[in-house]
Amino acid sequence: MSEMIRVQVNGEGRDCHADATVADLLKDLEITTERVAVEVNLEILDRAVFGQRMLKDGDRVEILSFIGGGSFGRR
Amino acid sequence: MGDDRLIIAGREFTSRLWVGTGKYKDFVETQKAIEVSGAEVVTVAVRRVNITDRSKENLLDYIDPKKYTILPNTAGCYTVEDAVRYSRLARAAGVSDLVKLEVLGDEKTLFPDTAGLIEAAKILIKEGFIVLPYTNDDPIVAKKLVDIGCPAVMPLAAPIGSGLGIRNPYNLKILMEAVNVPVIVDAGVGTASDAALAMEYGADAVLMNTAIAGAQDPIAMAEAMKYAVWSGRLAYKAGRIPRKLYATASSPIEGML
């Protein structure tokens, strides 16, 4: 069994396998890669590298998508 | 109105009503209101995916990006860094290079921070974005935004969500004369007459969200706004009569007893 690491995903701690890629994480979360943006440690990833980018212990991952919005200012 | 097209950065639009997708009861209502409004440009926000509750549906399952031009915004961004970051994320999410750029100055008014707006726009334009800036009704700032490469400007009519209508029609008119790009009046519209007035003044389009989504019957208001924008545009093109203080009879005197 592979070693486990801990990453932050959208601000929440999450354990995953040390050999997991961003694509694996998205699959685990049941998120289709279509129309999501992924940022790891403030670096925006090209969709093409989701399957290659390995997660490292302590990585801060942000997964974003489009929601309803006109103009509003609350964070 | 078939040949009266709005063209921005090579994209052609028939409808001159742009709509936001926030504040609706649910996605079905959002979808229906947008359909009834006839809008072709639809704004969306970029936010974290809900990873704890994956049963939540995706807005774009209801608003087909093949049918509508999706215009991501940077709503909620108060710094140049945040606005640039959200714009890049929006592009990475794979819809287009378009961004409705907002750099807000203050939570109470949501007025734009125009100095930050110009700075962020410069960065994004250099990166190939098509930047549509949410700005003040300030003709000088609008000119600067056009000078740095914005293909349209989006001045406010009144504070976002206020429903106050056009607070400074004279500034807006001067702004429209001052720039040679489309002007989309954005924010502050309360009801159909506000939208019609914006178009009569010569706006190229009107963007609204709360005026429709917050109405008691959003679907009915979406329809009202469609006609308001149409009739405002038609009246602008027809050319209104000048205002005069005294009456001018429209029936002839000749032939009276």
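Residues numbered from 1 in each chain as written. Chains lettered and ligands numbered in written order. Predicted model: local features only at pLDDT ≥ 70, side-chain atom pairs only at ≥ 80, totals over all residues. Heavy atoms only, no water.

**What to know about the state of the cysteines**
Right, on to step 1. For the structure on display, the rule yields zero disulfides over all chains.
Right, on to step 2. We note that Cys77 of chain B lacks a disulfide partner, and the nearest cysteine sulfur, in Cys150 of chain B, lies 16 Å from it. (Disulfide = S-S within 2.5 Å.)

**Focus: the packing of helix α4 (residues 139–147) of chain B against helix α5 (residues 169–178) of chain B**
The description of two packed helices rests on the angle between their axes and on the distance between the axes.
All names here are of chain B.
Right, on to step 1. At their nearest, the axes of α4 and α5 sit 9 Å apart, and the two run at 25 degrees to each other. Taken together, the axes of α4 and α5 are roughly parallel relative to one another. Relative to α5, the crossing made by α4 is right-handed. Between α4 and α5, the contacting residues are Pro139, Ala142 and Lys143 on the first element and Asn171, Ile174, Leu175 and Ala178 on the second.
Right, on to step 2. Its residues assigned to classes, the contact of α4 with α5 shows five nonpolar, one polar and one charged. (Axes fitted to C-alpha atoms, helices over the stretch in contact; angles between N-to-C directions. Helix = DSSP H or I, 4+ residues; strand = E, 2+ residues; numbered from the N terminus. Parallel < 35°, antiparallel > 145°, perpendicular 65-115°, else oblique. Left-handed = near helix turned anticlockwise from the far one by under 90°. Contact = heavy atoms within 4.5 Å. Nonpolar A, V, L, I, M, F, W, Y, C, P; charged D, E, K, R; others polar.)

**Concerning empty space enclosed by the protein**
All names here are of chain B.
Right, on to step 1. Enumeration over the complete set of coordinates arrives at one cavity of 30 Å³ or more.
Right, on to step 2. Taken as a whole, the largest cavity encloses approximately 40 Å³ of empty space.
Right, on to step 3. Lining the largest cavity are Ile8, Arg11, Phe13, Trp18, Val41, Thr69, Leu98 and Leu132.
Right, on to step 4. Its residues placed into classes, the lining of the largest cavity shows six nonpolar, one polar and one charged. (1 Å grid on protein atoms, 1.4 Å probe; cavity = no way out; pocket = protein on both sides within 12 Å on 5 of 7 lines; lining within 4 Å. Points joined across faces, edges and corners; volume = space filled by probe spheres on them.)

**A few points about the side chain of Asp4 of chain B**
Residue and element names in this part refer to chain B.
Right, on to step 1. With respect to the helices and strands, Asp4 occurs in the segment before β1 (6–8).
Right, on to step 2. The class of Asp4 is buried, set by a relative accessible area of 7%.
Right, on to step 3. Engagement of the side chain of Asp4 in a polar contact is seen with the side chain of Arg16, the distance being 3.1 Å.
Right, on to step 4. Separated by 2.8 Å, the side chains of Asp4 and Arg233 make a polar contact. (Buried < 20%, exposed > 50% of the residue type's maximum accessible area, 1.4 Å probe, protein only. Polar contact = N/O pair within 3.5 Å; in protein donor to acceptor, adjacent residues only side chain to side chain.)

**Structural notes on helix α1 (residues 27–37) of chain B**
Residue and element names in this part refer to chain B.
Right, on to step 1. All of the buried residues in α1 are Glu29, Thr30, Ala33, Ile34, Val36 and Ser37. Seen end-on, α1 carries its buried residues on one side only, within an arc spanning 165 degrees.
Right, on to step 2. On its buried face, α1 sits against β3 (17–20), β4 (41–48), α7 (210–213) and α8 (218–238).
Right, on to step 3. Residue Asp26 occupies the N-cap position of α1, its side-chain oxygen lying 3.2 Å from the main-chain nitrogen of Val28.
Right, on to step 4. Positioned one or two residues after α1, Gly38 has a phi angle of 75 degrees, which is positive. (Arc of directions from axis to C-beta.)

**Thoughts on the interface of chain A and chain B**
Right, on to step 1. Each partner contributes residues to the interface: chain A has 28 residues there, and chain B has 40 residues.
Right, on to step 2. Regarding the contact of chain A and chain B, the summed buried area is about 3100 Å², with carbon and sulfur atoms giving 56% of it.
Right, on to step 3. One can count two salt bridges joining chain A with chain B.
Right, on to step 4. Ionic pairing is found between Arg48 of chain B and Glu62 of chain A, a salt bridge with its closest N-O pair at 2.7 Å.
Right, on to step 5. For the interface between chain A and chain B, the tally reads nine residue pairs in polar contact (both at pLDDT 80 or more).
Right, on to step 6. For the side of chain A that touches chain B, the element with the most residues is strand β5 (residues 60–68) of chain A, which contributes seven residues. (Buried area = accessible area lost by both parts, 1.4 Å probe. Salt bridge = Lys/Arg side-chain N within 4 Å of Asp/Glu carboxyl O.)

These results come straight from atomic positions and should not be treated as a statement about function.
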